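Chain and residue survey
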Amino acid sequence: MKKMYKIGIGIILICVIAIGIYYTFPKRINVTLNGVSYKNNNKQQQEQVIIKIDGSYGKRILKKDLFVGAITIGNLRCDGVEISVGDNSSFLTYIDKNKEPGKIYYGEMFTNNKLTKLTISVFGENVTMISAPAKDRVEAVKISNELMKNVLEENFKFK
């Protein structure tokens, strides 16, 4: 009886370890999203932009999921990107080998848990927002408000 008990515990333990490894093992991601770039203070301004996400996406136990790889926004390729995926934001930084110190801060990025929706607040004097997937400014603003709801001031909404 004790032998069967030990075998049962061993099988359960092996299953838990196997599920843990499968769940946290990074998966390859290669996605292209059509998005829109806009400025909050200019309702007429909108520009179509293609965003390519290429790298690995790993779920982590007791931590935010992590994406490591490259993100291309229009003509700008951001290599060496590491962002937390999910409810909170992550600074979108990338490595530029031609500049010192090499790490460039592009903006603040907000994503959903599956990395299928994103919005980026680009650093600069006139804050530019980029949201995807979106076909027009209305959809882009909706995504920004949805993904940034935890950080926006109570009565503030992008329009």
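Quick note: structure is the one above.
Everything in this summary refers to the structure shown in the same document.

1. Regarding the pattern of salt bridges
- Counted under the stated rule, the structure contains four salt bridges.
- In this structure, the salt-bridge partner of Arg-28 is Asp-54, at a minimum N-O distance of 2.7 Å. In this pair, Arg-28 is assigned in strand β1 (residues 27–39) and Asp-54 in strand β2 (residues 42–58), connecting sequence segments 26 residues apart.
- Classification of Asp-54 by relative accessible area gives partly exposed; the value is 25%.

2. Some points on the nonpolar core
- Counting residues in hydrophobic clusters, the biggest one holds 23 residues, and the most contacted among them are Phe-67, Ile-71, Leu-92 and Ile-120.
- Sorting the residues of this core by element identifies β1, β2, β3 (65–73), β4 (76–85), β5 (89–95), β6 (103–111), β7 (118–122) and β8 (128–132) as the ones contributing at least two each.
- Contact partners of Ile-71, with chain neighbours within four places excluded, come to Ile-51, Lys-52, Leu-76, Arg-77, Cys-78, Val-81, Ile-83, Leu-92 and Met-109.
- Ranked by size, the runner-up nonpolar core spans eleven residues in total, among them Tyr-38, Phe-110, Val-141 and Met-148.

3. A few points about the pairing of β7
- Most of β7 is tucked away: five of the five residues are buried.
- Residue alternation in β7 divides its side chains into two sets, Leu-118, Ile-120 and Val-122 and Thr-119 and Ser-121, and both sets are buried.
- Of the strand pairs in this sheet, β6 and β7 are connected by five bridges, and their pairing is antiparallel. If you follow Gly-107 over to β7, its bridge partner there is Val-122.
- The hairpin turn running from β6 into β7, its antiparallel successor, is six residues long, and Leu-115 in that turn takes a positive phi close to 60°.
- Sheet topology note: the β7/β8 ladder contains five bridges and is antiparallel.

What counts as what
- Residues numbered from 1 in each chain as written.
- Predicted model: local features only at pLDDT ≥ 70, side-chain atom pairs only at ≥ 80, totals over all residues.
- Heavy atoms only, no water.
- Salt bridge = Lys/Arg side-chain N within 4 Å of Asp/Glu carboxyl O.
- Helix = DSSP H or I, 4+ residues; strand = E, 2+ residues; numbered from the N terminus.
- Buried < 20%, exposed > 50% of the residue type's maximum accessible area, 1.4 Å probe, protein only.
- Core = buried A, V, L, I, M, F, W, Y, C linked by side-chain atoms within 4.5 Å.
- Contact = heavy atoms within 4.5 Å.
- Pairing = 2+ DSSP bridges.

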